[in-house]
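Working through the structure, step by step
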Amino acid sequence: MSTAANRTAGPDHLWTVDEHLEDILATVRPLEPIELQLLDAQGCVLVEDITVPVSLPPFDNSSMDGYAVRVTDVAGASEEFPAVLTVIGDVAAGRAEPLHVGPGETARIMTGAPLPPGAEAVVPVEWTDGGLGGGPVTGMRARSQAPEGAGGHVHVYRSAQARAHVRAKGSDVKAGDRALDAGTVLGPPQIALLAAIGRGTVRVRPRPRVVVMSTGSELVQPDEQLADGQIYDSNSFALTAAARDAGAIAYRVGAVADDAETLRDTIEDQLVRADLLVTTGGVSVGAYDVVKEALSSVGDEDEEGAGIDFRKLAMQPGKPQGFGSIGPDHIPLLALPGNPVSSYVSFELFVRPAIRALMGLDDVHRPTTRATLTTDKALTSPKGRRQFLRGTYADGEVTPVGGAGSHLIAALALADALIVVPEDVESVEPGTEVQVVLLG
């Protein structure tokens with residue numbers, strides 16, 4: 001189970017935020033690497049350095065639609081005294097026609113097409129008459145409509161220096177270069193690079209599968225009718241979205257009623273598709289705190305080493321927390337409190353780092369910064385607790401939104417930062433520099 005089993009912490013021990021997170025990260029291990037097709041690897045972390053097998057581009061090619069020329073043949077060309085060249089054919093992208101540009105000759109060339117032997121530069125079609133004899137043109141006529149354009153003569157109205165409008169072989173990356181480092185998260189640009197160098201599959205750590213479930217008989221799904229004493233289940237939606245934002249493949253389970261046996265059965269059913277389980281609600285000291293009831297003795301029936309430890313943390317919001325592993329494969333489980341703000345703050349502090357650790361990332365934390373507190377009055381904080389207040393951050397300043405209540409979902413929706421008040425601070429005056437966790 002978690003390293004909590006090795007600690008001499010009694011049930012009344014007040015854990016620090018850092019101790020709890022350290023316990024989680026010491027237990028969660030990166031997922032085993034697998035080979036995936038490129039699109040399936042999106043969002044995954046590379047476990048190998050990628051070396052370029054072929055240069056990009058693999059040959060000298062044109063960056064313009066125009067004419068491949070010899071520099072001496074267009075030297076001094078102008079609209080008054082154009083260079084007149086014989087067109088010997090077309091060079092199109094993807095077609096390797098055996099053309100050789102000799103003295104006084106040129107070939108029509110399309111963007112991306114290889115520079116033919118003998119040619120030293122490309123003049124854009126806009127610098128020519130396009131072979132029509134009527135002055136500068138704005139583009140080429142389609143070959144299917146005017147095949148005669150690949151022959152005859154063309155007037156060139158401007159000179160060109162050597163290598164003008166030519167993309168050199170290897171100007172992007174050269175064979176043998178390092179394309180991507182192990183530890184890189186694969187987004188669209190990285191996948192494009194892998195495809196461009198001919199990699200159809202890549203070895204990565206898969207995105208973690210995270211199962212999220214809320215508990216509480218009072219919870220009703222959105223779009224259903226509320227009865228007296230009921231509320232809509234927002235936590236499972238918030239945490240599933242947050243897990244996806246962290247890089248996981250997340251599954252939301254409908255709210256589970258306050259019945260320990262039902263909860264245990266539901267968790268057991270979900271183990272087959274989970275690399276991490278997250279519950280919300282039912283971890284405090286009430287008579288209906290079903291998660292604590294259902295999982296406190298789970299290690300008695302599971303394989304040796306499994307079990308969930310419920311603990312109190314010196315933080316606000318989010319004092320009650322649970323962590324451990326469950327099932328024969330020892331799937332990590334984090335049990336979060338049920339109040340919406342407590343649940344979300346706990347996710348950011350503990351679950352998100354666990355997801356990033358499963359992905360194999362070195363940096364698992366949200367970025368932090370220092371900011372000046374802008375508020376009308378001093379912020380108060382309970383002694384001995386690390387408080388996390390919602391705030392909005394901009395231009396080096398942070399402003400609190402909402403109060404300290406752990407039920408204020410509307411204020412949470414406005415926040416893009418958490419204001420951190422240390423355990424030994426009971427009051428923070430306006431203008432004080434504070435630590436800020438950036439959520440955006």
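Our subject in this report is the structure included herewith. Quantities reported herein were computed from a predicted structural model and do not represent experimental measurements. (Residues numbered from 1 in each chain as written. Predicted model: local features only at pLDDT ≥ 70, side-chain atom pairs only at ≥ 80, totals over all residues. Heavy atoms only, no water.)

A look at the sheet that holds strand S2 (residues 34–37)
A sheet is described by the order of its strands in space; here three strands give the open sequence S2-S13-S3, paired in antiparallel fashion. Bordering the open sheet on either side are S2 and strand S3 (45–46), each of which pairs with just one other strand. Across four bridges, the pairing between S2 and strand S13 (residues 201–205) is antiparallel. Of the residues in S13, the one forming a bridge with isoleucine 34 is valine 204. (Pairing = 2+ DSSP bridges. Helix = DSSP H or I, 4+ residues; strand = E, 2+ residues; numbered from the N terminus.)

Details of the packing of aromatic side chains
All told, the structure shown has zero aromatic pairs when counted by the stated rule. In this structure, arginine 158 packs its charged tip against the face of tryptophan 127, placed 4.0 Å from the ring centre. Positioned over the ring face of phenylalanine 237 is arginine 252, at 4.0 Å from the centre of the ring. (Phe/Tyr/Trp six-rings, centres within 6.5 Å; stacked < 30°, edge-to-face > 60°. Lys NZ or Arg CZ within 6 Å of the ring centre and 35° of its normal.)

Observations regarding the pairing of strand S9 (residues 121–124)
Here S9 shows no split at all, with Ala121 and Val123 on one side and Val122 and Pro124 on the other all buried. Sheet analysis places strand S6 (residues 66–69) next to S9, joined by four bridges and oriented antiparallel. Within the sheet, the bridge partner assigned to valine 69 lies in S9 and is alanine 121. (Buried < 20%, exposed > 50% of the residue type's maximum accessible area, 1.4 Å probe, protein only.)

Here we look at the packing of helix H1 (residues 17–27) against helix H7 (residues 340–359)
Between H1 and H7, the shortest axis-to-axis distance is 10 Å and the interhelical angle comes to 25°. Compared by their axis directions, H1 and H7 come out roughly parallel. For the pair H1 and H7, the sense of crossing is right-handed. Contacts from Val17, His20, Leu21, Ile24 and Leu25 of H1 reach H7 at Leu349, Phe350, Pro353, Ala354 and Ala357. Split into classes, the residues belonging to the contact of H1 with H7 amount to nine nonpolar, one polar and no charged. (Axes fitted to C-alpha atoms, helices over the stretch in contact; angles between N-to-C directions. Parallel < 35°, antiparallel > 145°, perpendicular 65-115°, else oblique. Left-handed = near helix turned anticlockwise from the far one by under 90°. Contact = heavy atoms within 4.5 Å. Nonpolar A, V, L, I, M, F, W, Y, C, P; charged D, E, K, R; others polar.)

As for the environment of proline 82
By secondary structure assignment, the location of proline 82 is in the loop between helix H2 (71–74) and strand S7 (83–91). In this structure the C-alpha to C-alpha distance between proline 82 and serine 159, which are 77 residues apart in sequence, comes to 9.2 Å. The residues contacting proline 82, other than those within four sequence positions of it, are His155, Val156 and Tyr157.

Remarks on the packing of helix H4 (residues 235–246) against H7
With their axes 10 Å apart at the nearest point, H4 and H7 run at an angle of 30° to one another. When the axes of H4 and H7 are compared, the pair comes out roughly parallel. The hand of the H4/H7 crossing is right-handed. For the pair H4 and H7, contact is made by Asn235, Leu239, Ala242, Ala243, Asp245 and Ala246 and by Pro340, Ser343, Tyr344, Phe347, Arg352, Ile355, Arg356 and Met359, respectively. Here the contact of H4 with H7 is composed, by residue class, of nine nonpolar, two polar and three charged.

Some points on the sheet that holds strand S21 (residues 320–326)
If you walk across this open sheet you meet the seven strands as S1-S19-S21-S22-S18-S14-S17, and the pairing is mixed. Bordering the open sheet on either side are strand S1 (14–15) and strand S17 (249–256), each of which pairs with just one other strand. Of the strand pairs in this sheet, S21 and strand S22 (residues 331–336) are connected by five bridges, and their pairing is antiparallel. Its bridge partner being in S22, phenylalanine 323 is matched across the sheet by leucine 334.

Side note on the nonpolar core
For soluble globular proteins, nonpolar side chains are generally found buried alongside one another. Counting 42 residues, the largest nonpolar core has Leu276, Phe350 and Ile355 as the members making the most contacts within it. The set of elements that each furnish at least two residues to this core consists of H1, strand S14 (209–215), H4, strand S18 (276–280), S22, H7 and strand S27 (417–421). Ranked by residue count, the leading element in this core is H7, at twelve residues. Excluding residues that lie within four positions of it along the chain, leucine 276 makes contacts with Arg209, Val210, Val211, Ile331, Pro332, Leu334, Val351, Ala354, Ile355 and Leu358. Membership of the second largest hydrophobic core comes to 21 residues, among which are Val253, Leu271, Val283 and Val291. (Core = buried A, V, L, I, M, F, W, Y, C linked by side-chain atoms within 4.5 Å.)

Some thoughts on the pattern of salt bridges
Scanning the model with the defined rule gives 15 salt bridges in all. For the salt bridge of arginine 178 with aspartate 49, the shortest nitrogen-to-oxygen distance reads 3.4 Å. With a gap of 129 residues between them, arginine 178 in strand S12 (residues 178–180) and aspartate 49 in the loop between S3 and strand S4 (50–51) connect regions that are remote in the sequence. You can call aspartate 49 partly exposed: its relative accessible area is 40%. Glutamate 433 is the partner of arginine 370 in a salt bridge, and the nearest nitrogen-oxygen pair spans 3.4 Å. (Salt bridge = Lys/Arg side-chain N within 4 Å of Asp/Glu carboxyl O.)

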